[in-house]
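Results of the structural survey
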Amino acid sequence: MFTGSIVALVTPMDDKGFVCRASLKKLIDYHVASGTAAIVSVGTTGESATLSHDEHGDVVMMTLELADGRIPVIAGTGANATAEGIALTKRFEKSGVVGCLTVTPYYNRPTQEGLYQHFKAIAESTDLPQMLYNVPSRTGCDMLPETVGRLAKIKNIIGIKEATGNLSRVSQIQELVDEDFILVSGDDATSLDFMQLGGQGVISVTANIAAREMAELCKLASQGNFTEARRLNQRLMHLHQKLFIEPNPVPVKWAAKQLGLIATDTLRLPMTPMTDAGRPVVEQALKSAGLL
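Thresholds, definitions, all that
- Residues numbered from 1 in each chain as written.
- Predicted model: local features only at pLDDT ≥ 70, side-chain atom pairs only at ≥ 80, totals over all residues.
- Heavy atoms only, no water.
- Helix = DSSP H or I, 4+ residues; strand = E, 2+ residues; numbered from the N terminus.
- Rg over C-alpha atoms; globule rule 2.2 N^0.38 Å.
- Buried < 20%, exposed > 50% of the residue type's maximum accessible area, 1.4 Å probe, protein only.
- Phe/Tyr/Trp six-rings, centres within 6.5 Å; stacked < 30°, edge-to-face > 60°.
- Lys NZ or Arg CZ within 6 Å of the ring centre and 35° of its normal.
- Axes fitted to C-alpha atoms, helices over the stretch in contact; angles between N-to-C directions.
- Parallel < 35°, antiparallel > 145°, perpendicular 65-115°, else oblique.
- Left-handed = near helix turned anticlockwise from the far one by under 90°.
- Contact = heavy atoms within 4.5 Å.
- Nonpolar A, V, L, I, M, F, W, Y, C, P; charged D, E, K, R; others polar.
- 1 Å grid on protein atoms, 1.4 Å probe; cavity = no way out; pocket = protein on both sides within 12 Å on 5 of 7 lines; lining within 4 Å.
- Points joined across faces, edges and corners; volume = space filled by probe spheres on them.
- UniProt positions renumbered as here; feature names shortened; annotations may be inferred.
- Right-handed = clockwise from strand over helix to strand, strands pointing away.
- Pairing = 2+ DSSP bridges.

1. So, the overall build of the protein chain
Across its full length, the protein chain holds 12 helices and eight strands. The C-alpha radius of gyration computed for the protein chain amounts to 18 Å, which stays within 12% of the reference 19 Å derived for 292 residues, consistent with globular compactness. The dimensions of the protein chain, computed from C-alpha atoms along their principal axes, are 45 × 45 × 35 Å. By residue count, 54% of the 292 residues in the protein chain fall in the buried class.

Structural data, given as structure tokens:
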């Protein structure tokens, strides 16, 4: 449930900006049918930054309800205040989530010791499995392999979503953790290389709209069939790249609407809709991936 193709699920909204239950059910059904390994609910792709605290919890619980045990659900619980991260995590205890994905604190840029103490405090507040999430391009904060190695000694910190795109991090972290510590990529464009170096999967934006393809990519990689995996990944490469021509999740929501997976591509300010210049670029990427 923490390996393979895990989708960083978008949070669908109606044209007034309220969470759209019907579209959320359609998305979950799509991932169940497509072989997605698990769903991350209300991670950063799920617009955690613009949902209220109550909405954040409500969307995770709605996702659990609609998944109905058919696919594991991981709760996004990242915060830039440790107390808030603990409170979010505690809300999901005994809820049915299989674990939590917790991004490094954003904006306040803690030291490596601050990162260690932050994640240690969250992990020690719960029995839920914890997966670290490092994405310095979005947070302004880079959790170094040495800090990951220290945190890996805490029993319920089970893995990391490493989204630097720096492939040397795989071996650097592996040298400092036990064999059962899970490494998954958080960067679609380099995820296959990440897996070939020893990673066990990807928490994917692309999987929102190419779920079956990403599930197959991870399956081929796990089987060591990198020749076929590279052929498939090459077909998806423009999509991996063009889904980030504007801030995530702007392009992927627009693409999901074009494919009929969600009713609208509504976002909340300060996120704004796809630009006129961006739409044909993403449309062409969808075509090159064989999705349109």
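Following the structure, the description resumes.
2. Describing the packing of aromatic side chains
Aromatic ring pairs: the centre-centre distance and the angle between the two ring planes describe each pair. Per the counting criterion, the structure on display carries zero aromatic pairs. Directly above the ring of Tyr-116 sits Arg-150, whose terminal nitrogen or CZ lies 3.7 Å from the centroid. Of note, Lys-161 hangs over the ring of Tyr-133, and the distance from its end group to the ring centre comes to 4.0 Å.

3. Here's the deal with the packing of helix 3 (residues 82-91) against helix 4 (residues 112-124)
At a closest axis distance of 9 Å, the pairing of helix 3 and helix 4 adopts a crossing angle of 25 degrees. Classified by the angle between their axes, helix 3 and helix 4 sit roughly parallel to one another. The chirality of how helix 3 crosses helix 4 is right-handed. Residue-level inspection shows Thr-82, Gly-85, Ile-86 and Thr-89 of helix 3 in contact with helix 4, the latter providing His-118, Ala-121 and Ile-122. When grouped by side-chain class, the residues that make up the contact of helix 3 with helix 4 number three nonpolar, four polar and no charged.

4. Details of the layout of surface pockets
Counted as a void, the largest pocket has a volume near 500 Å³. Along the walls of the largest pocket sit 25 residues, with Thr-44, Glu-47, Ser-48, Ala-49 and Tyr-106 positioned nearest its centre. Residue assignment for the lining of the largest pocket shows that the elements contributing at least two residues are helix 2 (53-67), helix 3, strand 4 (99-103) and helix 5 (136-139). Of the residues that constitute the lining of the largest pocket, the class distribution is 11 nonpolar, 11 polar and three charged. Looking at the second largest pocket, its volume works out to about 320 Å³. Lining the second largest pocket are 20 residues; nearest its centre among them are Val-135, Ser-137, Gly-186, Asp-187 and Phe-244. At the level of elements, helix 5 and strand 8 (201-204) are the ones that each hand at least two residues to the lining of the second largest pocket. A class-by-class count of the residues in the lining of the second largest pocket yields seven nonpolar, nine polar and four charged.

5. What to know about the UniProt feature "binding site: pyruvate" (unreviewed entry) in the protein chain
Those residues carrying the UniProt feature "binding site: pyruvate" (unreviewed entry) are Thr-45 and Ile-203 in this numbering. In terms of the greatest pairwise C-alpha distance, the residues named above, spread along 159 residues, form a tight cluster of at most 10.4 Å across. Those annotated residues that line the second largest pocket are Thr-45 and Ile-203. Here Thr-45 shows up in the loop between strand 2 (38-41) and helix 2. Beyond its immediate sequence surroundings of up to four residues, Thr-45 is in contact with Ala-8, Leu-9, Val-10, Val-205, Asn-208, Asn-248 and Pro-249. Tracing the sequence through the fold places Ile-203 in strand 8. The exposure class of Ile-203 is buried, given its relative accessible area of 2%. Setting aside chain neighbours within four positions, we find Ile-203 in contact with Ile-6, Ala-8, Val-40, Leu-101, Met-131, Lys-161, Val-184, Ser-185 and Gly-186.

6. A short note on the pairing of strand 3 (residues 73-76)
Covered by surrounding structure in strand 3 are Val-73 and Ala-75 together with Ile-74 and Gly-76, the residues of both alternating faces. Handedness of the crossover joining strand 2 and strand 3 through helix 2 is recorded here as right-handed. In this structure, strand 3 lies alongside strand 4, joined through three bridges in parallel fashion. Bridge pairing links Ile-74 to Gly-99 in strand 4. Remark: the strand 3/helix 3/strand 4 crossover connection has right-handed handedness.

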